[in-house]
Amino acid sequence: YKFIVTGSGSLELKEKIGEALTGRKHLIEMHPNSFLEFVNYKTQYKYQNRMGNFFRIEDEKTELLLTEYLTFGGYPAVITAETASRKQEVMNEVFVSYLTKDISFLLGVRHPDKFVKLIQLLSVQSGSIINYSQLAQDTGMRLETLKTYLWYAEQTFIINIIKPFFTNLKKELTKSPTIYFNDLGMLNFSKNNFIAKHHDGMLFQNFIYLILKEKYEKGLSQINYWRTKDKAEVDFIVHTEKGVVPVEVKYKKMKMAMVSRSFRSFIKKYKPQTGIIVNLELDEIIRIEDTTIYFLPYW
């Protein structure tokens, strides 16, 4: 017999079937729709095999679609809702259902109000280094409870916890992680900012993280961030078969190839073969020492 068991990734279900079906099960994680899937839907799949041409030619439409995706995210029911108010209603239903079913009932979280406060605090700290002690104090939790709740939030696909990249523990700043949300709509809803507007660089950075995760975070590959005591930092360090690739995110229309001091510092120290600087429109390639730097539009 074959069983198709669907759900929102409840930990209770995973724990019960984990060992019993070793070698006899296949898990498929259904993530929110990607930006490419979203654009295909919005353009009625007219440009499915030539999306590059669409992005290059239709500047204004692309910008509007990016704003909508940065605002409302990739949950299917949110995308297909026709008005902003209905999108907000759907997201509220998703959030309440998640809290009452997965968190409160299945996982037995005793203080869902504190869990909600934690998610709200994380939403305004997306991409920033997390201070566990401060978060515990702000939410009124014990440190152990806080870390457990963070683990729950990650395992139920609300957030992603990104660890720092380091090779020498004495020289790197900290082991504290950064947090990114698995859906931009959930991020905005959690910080009560669920309306179309001009967005900030940190939201765009979360958007790029989701693209990198989709493309590279498989098997033994992983994504880190890099930050040192002298405040040199690179947004993402992607581990690939050919070595590490530093990725810097610029939420602006770059007109010329410019490389930050921090990015140069990473290149000088680790000598990667390639590096990527993601921006809104510049498409160019340069060389720094033995490293090829690609300036790429986000699409």
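Residues numbered from 1 in each chain as written. Predicted model: local features only at pLDDT ≥ 70, side-chain atom pairs only at ≥ 80, totals over all residues. Heavy atoms only, no water.

Caption draft 1: Seen up close, the overall build of the protein. Of regular secondary structure, the protein possesses 12 helices and 8 strands. Per-residue burial for the protein yields a buried fraction of 44% across its 299 residues. For the protein, contacts bridging at least 24 residues in sequence account for 58% of all contacts bridging at least 6. In the structure as shown, the protein presents an accessible area of about 17600 Å², 52% of it carried by carbon and sulfur atoms. (Helix = DSSP H or I, 4+ residues; strand = E, 2+ residues; numbered from the N terminus. Buried < 20%, exposed > 50% of the residue type's maximum accessible area, 1.4 Å probe, protein only. Contact = heavy atoms within 4.5 Å. Areas by Shrake-Rupley, 256 points an atom, 1.4 Å probe, with all protein chains shown as cover.)

Caption draft 2: Region of the structure containing the pattern of salt bridges. In this structure the tally under the stated criterion is 9 salt bridges. A salt bridge links glutamate 68 to lysine 42; its shortest N-O distance comes to 3.1 Å. Taken together, the residues glutamate 68 in helix H4 (residues 59-72) and lysine 42 in helix H2 (residues 35-42) connect sequence positions 26 residues apart. Here lysine 42 falls in the partly exposed class, since its relative accessible area comes to 32%. Among the salt bridges present, the one from lysine 250 reaches glutamate 248, with a minimum N-O distance of 3.4 Å. A residue is classified by how much of its surface remains accessible, and lysine 250, at 25% relative accessible area, is partly exposed. Shared partners join several salt bridges into a network, and the residues in it are Lys42, Glu68 and Lys87. (Salt bridge = Lys/Arg side-chain N within 4 Å of Asp/Glu carboxyl O.)

Caption draft 3: Representation of the pairing of strand S6 (residues 274-279). Counting buried positions along S6 gives 5 out of 6 residues, so the element sits mostly inside the fold. Across 3 bridges, the pairing between strand S5 (residues 243-249) and S6 is parallel. Its bridge partner being in S6, glutamate 248 is matched across the sheet by isoleucine 277. Between the parallel elements S5 and S6, the chain passes through helix H12 (residues 261-270) in a crossover that is right-handed. (Pairing = 2+ DSSP bridges. Right-handed = clockwise from strand over helix to strand, strands pointing away.)

Caption draft 4: Local environment of the packing of helix H7 (residues 112-123) against helix H9 (residues 143-155). Two elements in contact, H7 and H9, have axes separated by 11 Å at closest approach and are oriented at 75 degrees. For the element pair H7 / H9, the angle class is roughly perpendicular. Note on element contacts: H9 touches H7 through Leu146, Tyr149, Leu150, Tyr152 and Ala153, opposite Phe115, Leu118, Ile119 and Leu122. Tallied by class, the residues present in the contact of H7 with H9 amount to 9 nonpolar, no polar and no charged. (Axes fitted to C-alpha atoms, helices over the stretch in contact; angles between N-to-C directions. Parallel < 35°, antiparallel > 145°, perpendicular 65-115°, else oblique. Nonpolar A, V, L, I, M, F, W, Y, C, P; charged D, E, K, R; others polar.)

Caption draft 5: Region of interest: the sheet that holds strand S4 (residues 233-240). Taken in spatial order, the 6 strands make up an open sheet running S3-S4-S5-S6-S8-S7, and their pairing is mixed. What marks the edges here is a single partner per strand, and that holds for strand S3 (223-227) and strand S7 (284-288). On average, each strand axis in the sheet is inclined to that of its neighbour by 25 degrees, with strand direction left out of account. Against the sheet, helix H11 (residues 201-216) engages S3, S4, S5 and S6, with an angle of about 10 degrees to S4.

Caption draft 6: How the structure looks around H9. Counted at 1.5 Å a residue, the expected span for H9 with its 13 residues is 18 Å, and the 18 Å between its end C-alpha atoms agrees. Those residues of H9 lying buried are Leu146, Tyr149, Leu150, Tyr152 and Ala153. In an axial view of H9, the angular spread of the buried residues amounts to 160 degrees, which keeps them on one side of the axis. Positioned one or two residues after H9, phenylalanine 157 has a phi angle of 65 degrees, which is positive. (Expected span 1.5 Å × (residues − 1). Arc of directions from axis to C-beta.)

Caption draft 7: View of the side chain of asparagine 188. Structurally, asparagine 188 is set in helix H10 (residues 184-190). Within the structure, the side chain of asparagine 188 is placed 2.9 Å from the backbone oxygen of threonine 71, a separation counted as a polar contact. Those residues in contact with asparagine 188, other than ones at most four positions away along the chain, are Leu70, Thr71, Asn193, Phe194, His199 and Leu203. (Polar contact = N/O pair within 3.5 Å; in protein donor to acceptor, adjacent residues only side chain to side chain.)

Caption draft 8: Focus on the pairing of S3. Within S3, 4 of the 5 residues are buried, leaving the element largely enclosed by the surrounding structure. In terms of strand pairing, S3 meets S4 through 4 bridges, oriented antiparallel. Paired with isoleucine 223 across the bridge in S4 is valine 238. Between S3 and S4, which pair antiparallel one after the other, the connecting turn spans 5 residues, and lysine 231 there sits at a positive phi close to 70 degrees.

Caption draft 9: Here's a closer look at the nonpolar core. One finds Phe35, Phe115, Leu122, Phe207, Ile208, Phe236 and Tyr298 to be the most contacted residues of the largest nonpolar core, which totals 67 residues. In this structure, Trp226, Ile237, Val259 and Ile293 belong to the second largest nonpolar core, which totals 16 residues. (Core = buried A, V, L, I, M, F, W, Y, C linked by side-chain atoms within 4.5 Å.)

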